[in-house]
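Now for the letters of each chain:
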Amino acid sequence: MTRPLLTEIDHVAIAVPDLDAAVTYYEETFGATVAHRERIDSDGVEEALLKVADSYIQLLTPTSESSPVAGYLEKKGPGIHHVGYRVVDCAEALQSVKDHGGQVIDQVPRPGSRGTTVAFVHPRGAFGTLIELVQE
Ligand code: CO
């Protein structure tokens, strides 16, 4: 490997049953502010991004019963859902996962929130962590 493919932590995503309550918690307890809020119907989620230095806390709530986040909350309850790593080239990082025998959820990069390009790596083969590769 000639250079590191992961350049920064983009966000830590936390699954919550009540987005407003979670936002209020971070605002009132930690003085955090919402930098971006978006409903992503293709993923069945609504997110609120709270800026922490150059990274974000991504609060995620399901918008439909069939949302993967709904299943997650039902099975595990609220908590850390995935880690988003910033990459220079999402396709390159995704290819490296495949080259090293990893399991991917997205075969090719796709649009994420905030106009980013993203791909998810399956937690199986990634030590139990759902990984999102985020290209700005
Ligand atoms: Co994410």
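Look up: the structure comes first, before these words.
Conventions and cut-offs
- Residues numbered from 1 in each chain as written.
- Predicted model: local features only at pLDDT ≥ 70, side-chain atom pairs only at ≥ 80, totals over all residues.
- Heavy atoms only, no water.
- Helix = DSSP H or I, 4+ residues; strand = E, 2+ residues; numbered from the N terminus.
- Expected span 1.5 Å × (residues − 1).
- Polar contact = N/O pair within 3.5 Å; in protein donor to acceptor, adjacent residues only side chain to side chain.
- Donors = N, O, S within 2.8 Å, 3.2 Å for Na, K, Ca; no water.
- Buried < 20%, exposed > 50% of the residue type's maximum accessible area, 1.4 Å probe, protein only.
- Salt bridge = Lys/Arg side-chain N within 4 Å of Asp/Glu carboxyl O.

Its twelve residues give helix H1 (residues 19-30) an end-to-end C-alpha distance of 16 Å, which sits within 8% of 16 Å, the value for a rise of 1.5 Å per residue. Of the residues flanking the start of H1, the one acting as N-cap is Asp18, its side-chain oxygen 3.2 Å from the backbone nitrogen of Asp20.

We now examine the coordination of the cobalt ion. Protein coordination at the cobalt ion comes from His11 (NE2), Gln58 (OE1), His82 (NE2) and Glu132 (OE), with a distance range of 2.0 to 2.6 Å. All donor residues of the cobalt ion come from one chain, and their arrangement in sequence is H-x46-Q-x23-H-x49-E. Taken together, the residues His11 in strand S1 (residues 6-15) and His82 in strand S5 (residues 79-87) connect sequence positions 71 residues apart.

Turning our attention to unusual backbone geometry. The phi angle at Arg114 is positive, at roughly 60°, despite the residue not being glycine. Non-glycine residue Phe127 carries a positive phi angle of around 55°. According to the relative accessible area criterion, Phe127 is exposed, its value standing at 84%.

Time to look at the pattern of salt bridges. One pass over the full model with this rule turns up eleven salt bridges. Two residues, Arg86 and Glu136, come together in a salt bridge whose shortest N-O distance is 3.9 Å. You can see Arg86 sitting in strand S5 and its partner Glu136 sitting in the segment after strand S8 (131-135), a full 50 residues away along the chain. Residue Arg86 is classed as buried on the basis of its relative accessible area of 7%. Judged by relative accessible area, which is 61%, Glu136 ranks as exposed. The partner of Arg110 in a salt bridge is Asp106, and the shortest N-O contact between them spans 2.9 Å. Judged by its relative accessible area of 11%, Asp106 is buried.

Keep in mind that these numbers describe shape and distance, not what the molecule does.
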